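Fold and geometry: a report
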Amino acid sequence: DTGVSQDPRHKITKRGQNVTFRCDPISEHNRLYWYRQTLGQGPEFLTYFQNEAQLEKSRLLSDRFSAERPKGSFSTLEIQRTEQGDSAMYLCASSQGTSGSTDTQYFGPGTRLTVL
Amino acid sequence: DAKTTQPPSMDCAEGRAANLPCNHSTISGNEYVYWYRQIHSQGPQYIIHGLKNNETNEMASLIITEDRKSSTLILPHATLRDTAVYYCIVRPRNFGNEKLTFGTGTRLTIIP
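My aim in this report is to walk through the structure given alongside it, one point at a time. The structure presented is a predicted model; accordingly, all values stated were derived computationally and were not measured.

Quick word on the state of the cysteines
- A complete count under the given rule lists two disulfides over all chains for this structure.
- Each disulfide pairs two cysteine sulfurs, and for C23 of chain A the partner residue is C92 of chain A, the sulfurs being separated by 1.8 Å. Every disulfide takes its handedness from the sign of the S-S torsion; for C23 of chain A and C92 of chain A that torsion is -70°, giving left-handed. With a gap of 69 residues between them, C23 of chain A in strand β3 (residues 19–24) and C92 of chain A in strand β9 (residues 88–95) connect regions that are remote in the sequence. Per residue, the accessibility class of C23 of chain A equals that of C92 of chain A, and both read buried.
- Between the sulfur atoms of C22 of chain B and its disulfide mate C88 of chain B the distance is 2.1 Å. Its torsion about the S-S bond being -85°, the disulfide of C22 of chain B and C88 of chain B is classed as left-handed. With C22 of chain B in strand β2 (residues 18–23) and C88 of chain B in strand β8 (residues 84–92), the pair connects residues that are 66 residues apart, well separated along the chain.
- Owing to a relative accessible area of 3%, C22 of chain B belongs among the buried residues under this scheme.
- Lacking any disulfide linkage, C12 of chain B is separated from the closest cysteine sulfur, that of C22 of chain B, by 18 Å.
- Classification of C12 of chain B by relative accessible area gives buried; the value is 8%.

Printed below as a string of structure tokens:
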């Protein structure tokens, strides 16, 4: 049984560069979520997909951020023109997509981004 | 905004039961209580959730007060590997309210 996987686990980049992260959800999970976590804080919701449709985006997701899930399986999160404030752990989660309490989200290990 | 209040930190001796409290005095009838934990530098791990009845699984027990305004997560025999930040989250059961709103959680340290 494979859980949610994320790649890369760590990324160091220079300010102004573009970065892309990948998330592979648990097989047959219809929903996929992205969260961001800064030091000492709990994760904050960014966006989520139901299959390939992006259904909700947080105000945290500025114009420099874009997420895709083209075939309803894996997802990518791209940050353009990175800023030092983008340094954080980016977490992906997936769930089956059933209504109500049974739709538990399971998280991946995260991608830690450091912008120099 | 987080709808829960948790103590920032707690210690527990190894082998003893760890009891982590959570206050959610504004919880509504259609909201569940979820618990996750996050071990250092890892993603959050689902532990347990409940609505109004007490729940138990292989990891923990969840005790919800009758008025549902508070709950306690119980780790029956804490080990060093239980050292983590524990998050209590209330979440609507309605379809369409999907995001989890994390607070700052309780940092639990298991003492050898």
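Here's the deal with the sheet that holds strand β4 (residues 45–50) of chain B
Residue and element names in this part refer to chain B.
- The strand order across the open sheet formed by five strands is β1-β9-β8-β3-β4, and the pairing between neighbours is mixed. The sheet is open, and its two edges are formed by β1 (9–13) and β4, each paired on a single side. This sheet shows a mean twist of 25° between the axes of neighbouring strands, independent of strand direction.

Overview of the sheet that holds strand β1 (residues 5–7) of chain A
All names here are of chain A.
- Read from one edge to the other, the open sheet built from four strands follows the order β1-β3-β8-β7, with strand pairing classed as antiparallel. Both edges of this open sheet fall to β1 and β7 (65–68), since each of them pairs with a single strand only. Strand-to-strand, the axes of this sheet are offset by a mean angle of 15°, without reference to chain direction.
- Where β7 lies against strand β8 (residues 75–79), four bridges are found, and the strand directions are antiparallel. Paired with A67 across the bridge in β8 is L77.

Section: the pattern of salt bridges
Residue and element names in this part refer to chain A.
- One pass over the structure, following the stated rule, counts eight salt bridges over all chains.
- Salt-bridge contacts for R22 lead to D24; the nearest nitrogen and oxygen are separated by 2.7 Å.
- For R22, a relative accessible area of 34% corresponds to the partly exposed category.
- Residue class for D24 comes out partly exposed when judged on its relative accessible area of 26%.

Focus on the interface of chain A and chain B
- On the chain B side, the residues contacting the 27 residues of chain A number 20 residues.
- Counting the surface lost from both chain A and chain B, the interface buries some 1,800 Å², and carbon and sulfur atoms represent 53% of this.
- Along the contact surface separating chain A from chain B lie two salt bridges.
- Put simply, R91 of chain B and D103 of chain A hold a salt bridge, and the shortest N to O gap is 4.0 Å.
- Put simply, chain A and chain B have five residue pairs in polar contact (both at pLDDT 80 or more) between them.
- At the level of secondary structure, the elements contributing two or more residues to the side of chain A that touches chain B comprise β4 (31–37), β5 (44–50), β9 and β10 (106–107) of chain A.
- If you tally residues by element for the side of chain A that touches chain B, the top one is β4 of chain A, at four residues.
- Classifying every residue of the side of chain A that touches chain B by side-chain character gives ten nonpolar, twelve polar and five charged.

Concerning unusual backbone geometry
- That bond from D7 of chain A to P8 of chain A is cis: its omega, -5°, falls within 30 degrees of zero.
- Within the fold, P8 of chain A resides in the loop between β1 and β2 (10–13).
- Unlike most non-glycine residues, R68 of chain B shows phi in positive territory, near 65°.
- Within the secondary structure layout, R68 of chain B lies in the loop between β6 (61–64) and β7 (70–75).

Conventions adopted
In this convention, every chain numbers its residues from 1, walking through the sequence in written order. Chain labels run from A onward and ligand labels from 1 onward, assigned in the order the entries are written. Under the rules for a predicted model, residues below a pLDDT of 70 receive no local features and side-chain atom pairs below 80 are neither given nor counted, while totals for whole chains, interfaces and linings still include all residues. Just so you know, side-chain values use all the structure's heavy atoms and leave hydrogens and water out. Sulfur atoms of two cysteines make up a disulfide when they are within 2.5 Å. Under the DSSP-based scheme used, a helix requires at least four consecutive residues in state H or I and a strand at least two consecutive residues in state E, with every element numbered from the N terminus. Type-normalised accessible area, obtained with a 1.4 Å probe on protein chains alone, sets the label of each residue: buried when under 20%, exposed when over 50%, and partly exposed for intermediate values. When DSSP finds two or more bridges between two strands, those strands count as paired. Here, axes are lines fitted to C-alpha atoms. For helices the fit covers the stretch in contact, and angles between N-to-C directions go from 0 to 180 degrees. One speaks of a salt bridge when a side-chain nitrogen belonging to Lys or Arg is within 4 Å of a carboxyl oxygen belonging to Asp or Glu. Contacts between residues were defined by any pair of non-hydrogen atoms, one from each residue, lying within 4.5 Å. As used here, buried area is the combined drop in accessible area, with a 1.4 Å probe, of two parts when they are placed together. Any pair of nitrogen or oxygen atoms within 3.5 Å is treated as a polar contact; in protein, a donor-acceptor pairing is required on top of that, and neighbouring residues in sequence qualify only through side-chain atoms on both sides. Amino acids outside the nonpolar list (Ala, Val, Leu, Ile, Met, Phe, Trp, Tyr, Cys, Pro) and the charged list (Asp, Glu, Lys, Arg) are all regarded as polar, and Gly is one of them.

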